[in-house]
Amino acid sequence: MLASRLARRHISTVGRAAPTVAVLYQAIDPPIINGVQKPRKPGGYQDSGADIAYTLQKKGISVLKSDPSALISSHEGWSFPDTEEGIYDAVQRGATHFWANTILFSSHPLQTSTKLTPLSDDLYVVGQPPGLVENFDDKAYLNGKLRELGSVTLPKSWIVDSTNIAEVLQEIDRYPIVGKPVRGRGSHGVKVCHDRAQLEKHIQTLLGESPLIMLEEFLAGEEATITVMPPTSDRPTHWSLIPVTRFNHADGIAPYNGVVAVTANSRVVTEHEMQDSAYGKAMKQCEEVARLIGATAPIRVDVRRFEEGSKFALFDINMKPNMTGPGRPGREDQASLTAIAAAAMGWDYGTLLETILNGARPLSVFRKYQSPF
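Just so we're clear, the structure is a prediction, and the values are computed from it rather than from any experiment. (Residues numbered from 1 in each chain as written. Predicted model: local features only at pLDDT ≥ 70, side-chain atom pairs only at ≥ 80, totals over all residues. Heavy atoms only, no water.)

Student: Looking at this structure, I do not really get the side chain of Asn 318. What am I missing?
Tutor: Here Asn 318 is to be found in strand β15 (residues 312–318). In this structure the side chain of Asn 318 is engaged in a polar contact, spanning 3.4 Å, whose partner is the side chain of Asp 302. Sequence-distant contacts of Asn 318, that is, excluding residues within four places in its chain, are made with Ile 299, Arg 300 and Asp 302. (Helix = DSSP H or I, 4+ residues; strand = E, 2+ residues; numbered from the N terminus. Polar contact = N/O pair within 3.5 Å; in protein donor to acceptor, adjacent residues only side chain to side chain. Contact = heavy atoms within 4.5 Å.)

Student: Where do I start with the domain arrangement of the chain in this structure?
Tutor: Often the size quoted for an interface is simply the accessible area lost on bringing the parts together. Considered domain by domain, the chain is made up of domain 1 (20–131 + 363–367), domain 2 (156–217) and domain 3 (219–347). Inter-centroid distance (C-alpha atoms) of domain 2 to domain 3 is 25 Å. Of the residues lining the interface, seven residues belong to domain 2; the matching set on domain 3 comes to 10 residues. On the domain 2 side of the contact with domain 3, Ser 187, Val 192 and Glu 217 bury the most area, a combined 53% of that side's loss. In this structure, the connection of domain 2 to domain 3 is made through zero salt bridges. Linking domain 2 to domain 3 there are two residue pairs in polar contact (both at pLDDT 80 or more). (Domains from an automatic or database assignment. Buried area = accessible area lost by both parts, 1.4 Å probe. Salt bridge = Lys/Arg side-chain N within 4 Å of Asp/Glu carboxyl O.)

Student: What exactly am I supposed to notice about the pairing of β15 here?
Tutor: Regular strands have side chains that alternate between both faces of the sheet. Of all the seven residues making up β15, seven are buried; the element is thus mostly covered by neighbouring parts of the structure. Across six bridges, strand β14 (residues 299–305) lies against β15 in antiparallel orientation. Within β15, the position partnered with Arg 304 by the bridge is Ala 313. Where β14 hands over to β15, the hairpin turn is made up of six residues, of which Gly 309 adopts a positive phi near 85°. (Buried < 20%, exposed > 50% of the residue type's maximum accessible area, 1.4 Å probe, protein only. Pairing = 2+ DSSP bridges.)

Student: Would you mind going over the pairing of strand β1 (residues 20–25) with me for this structure?
Tutor: Among the six residues in β1, six count as buried, and that is most of the element. Strand direction decides the pairing type here: β1 and strand β2 (residues 62–64), joined by three bridges, are parallel. Looking at the pairing, Thr 20 lines up with Ser 62 of β2. Across two bridges, β1 lies against strand β3 (residues 80–81) in parallel orientation. If you follow Tyr 25 over to β3, its bridge partner there is Pro 81.

Student: For this particular structure, what's the right way to read the pattern of salt bridges?
Tutor: A side chain of one charge can pair with a side chain of the opposite charge when the charged atoms of the two come close. The tally for this structure, following the rule as stated, stands at 15 salt bridges. Across the pair Arg 328 and Asp 51 runs a salt bridge, and its minimum N-O distance is 2.9 Å. Placement of Arg 328 in the loop between β15 and α10 (337–343) and of Asp 51 in helix α2 (residues 46–58) is noted, with a sequence separation of 277 residues between them. On the accessibility criterion, Arg 328 (2% relative accessible area) is buried. Here the salt bridges share partners, and the residues they tie into one network are Asp 51, Arg 328 and Arg 331.

Student: Would you explain the environment of Ile 103 in this entry?
Tutor: On the secondary structure map, Ile 103 appears in the loop between β4 (97–100) and α4 (109–112). Here the alpha-carbon distance between Ile 103 and Pro 30, two residues 73 residues apart in the chain, equals 7.2 Å.

Student: When you look at the packing of α2 against helix α11 (residues 349–357) in this model, what are you seeing that I'm missing?
Tutor: Running from amino to carboxyl end, α2 crosses α11 at an angle of 95°, the nearest separation of the two axes being 9 Å. On the basis of the axis angle, α2 is roughly perpendicular to α11. On α11, the residues touching Ser 48, Asp 51, Ile 52, Thr 55 and Leu 56 of α2 are Tyr 349, Gly 350, Leu 353 and Glu 354. Class assignment of the residues belonging to the contact of α2 with α11 gives a composition of four nonpolar, three polar and two charged. (Axes fitted to C-alpha atoms, helices over the stretch in contact; angles between N-to-C directions. Parallel < 35°, antiparallel > 145°, perpendicular 65-115°, else oblique. Nonpolar A, V, L, I, M, F, W, Y, C, P; charged D, E, K, R; others polar.)

Student: In this structure, what is going on with helix α6 (residues 139–149)? I would like to understand it.
Tutor: Each α-helix turn comprises 3.6 residues. Residues three or four places apart therefore point the same way. All buried positions along α6 are accounted for by Lys 139, Ala 140, Leu 142, Asn 143 and Leu 146. Down the axis of α6, the buried set is contained in an arc of 165°. They therefore lie on one face. On its buried face, α6 is in contact with α5 (130–136), β6 (157–160), β7 (177–181), β9 (213–217), α9 (277–293) and β15. The N-cap residue of α6 is Asp 138: its side-chain oxygen and the backbone nitrogen of Ala 140 are 3.0 Å apart. Phi turns positive, to about 80°, at Gly 150, one or two residues after α6. (Arc of directions from axis to C-beta.)

Student: When you look at the packing of aromatic side chains in this model, what are you seeing that I'm missing?
Tutor: Working definition: an aromatic ring pair is given by the centre-to-centre distance plus the angle between the planes. Inspection of the entire model under this criterion finds five aromatic pairs. The interplanar angle of 25° and the centroid separation of 6.1 Å between the aromatic rings of Phe 136 and Tyr 141 together place this pair among those described as stacked. For the pair Trp 239 and Trp 347, a centre-to-centre distance of 6.1 Å together with 90° between the ring planes defines the contact as edge-to-face. Here Trp 239 is found in strand β11 (residues 239–240), whereas its partner Trp 347 is found in the loop between α10 and α11, with 108 residues between them in sequence. Owing to a relative accessible area of 11%, Trp 239 belongs among the buried residues under this scheme. Classification of Trp 347 as buried rests on a relative accessible area of 18%. Grouping aromatic residues by their ring pairs yields a cluster made of Phe 136, Tyr 141 and Phe 373. Just above the ring of Tyr 279 sits the side chain of Arg 305; from NZ or CZ to the centre is 5.2 Å. Above the plane of the ring of Tyr 45 lies Lys 320, whose end atom (NZ or CZ) is 3.9 Å from the centre. (Phe/Tyr/Trp six-rings, centres within 6.5 Å; stacked < 30°, edge-to-face > 60°. Lys NZ or Arg CZ within 6 Å of the ring centre and 35° of its normal.)

This is the structure in structure tokens:
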């Protein structure tokens, strides 16, 4: 009976009738993958989930809340847990579209739930396929594959585990060096080390959290971030929003947005600045990465010049960009980097979310994803 009701709703969805959206938050701890576990975000992205759900609702889109009485000022109650039970609860309440505002992986219920299998052609998802995220959230793996292609500019890097510390340190003859997790979240664990002693200490700290870490040459020039949008029926190829330049770094690293709102240290690159061809070249490389991996939702690529005036290198490719935005009381300064870029196109936060929602893919397509490598 549920499958037939979903099938009837799917007919209207294909005709572009307004969907019924349920936002998912992170209630499941990410698994250990190749010995490494991605840190879980406190609150599980319920803050941005509430922003998304509230703003879509204000745009006239049907949105389900896990708690129908959730307050506008509250993060809780606007989104559903990403457990099998939470997802199926939303299905039973009438959800046709899931906004996967969570960390996905190959064993995630969106990929594996047999309850959802009969409905997989009729349920739509905003987000990346779980298999894509599991592969490419690993910065070492993705950077290695991109380096093999030779068409993407990357900083020099090293992979470190407990067995090769001395060997890698011997190779490094120039500081500063950045140390970071291979599966990171935001700026967690990212530090600029100015000499060998500082680097050795940070390596030990990182290896205390993960058996595998990454070191990179420090890029000393301007930092920017580029959001690449997925194809839609209106625009059939991956394309970039205007770059957002970052400033007011803390010890060489852009601070986590939970500590310093990105509106306080970021701005869109001006039309005059865009005459520098380095921006356009970086945008094309970011689009190439998105096409290569088959991104089905926005990705955000952090880029930085080797030195002032030089070309950009891609140093961090984020499969799940932060998607906070203004609208709810007290959230006026919570525009994400992607929302800042979208505003330069004349899109408000709601228009950005609607555009992303229009790119939703059937769950069956997500489950069939295959890596290009």
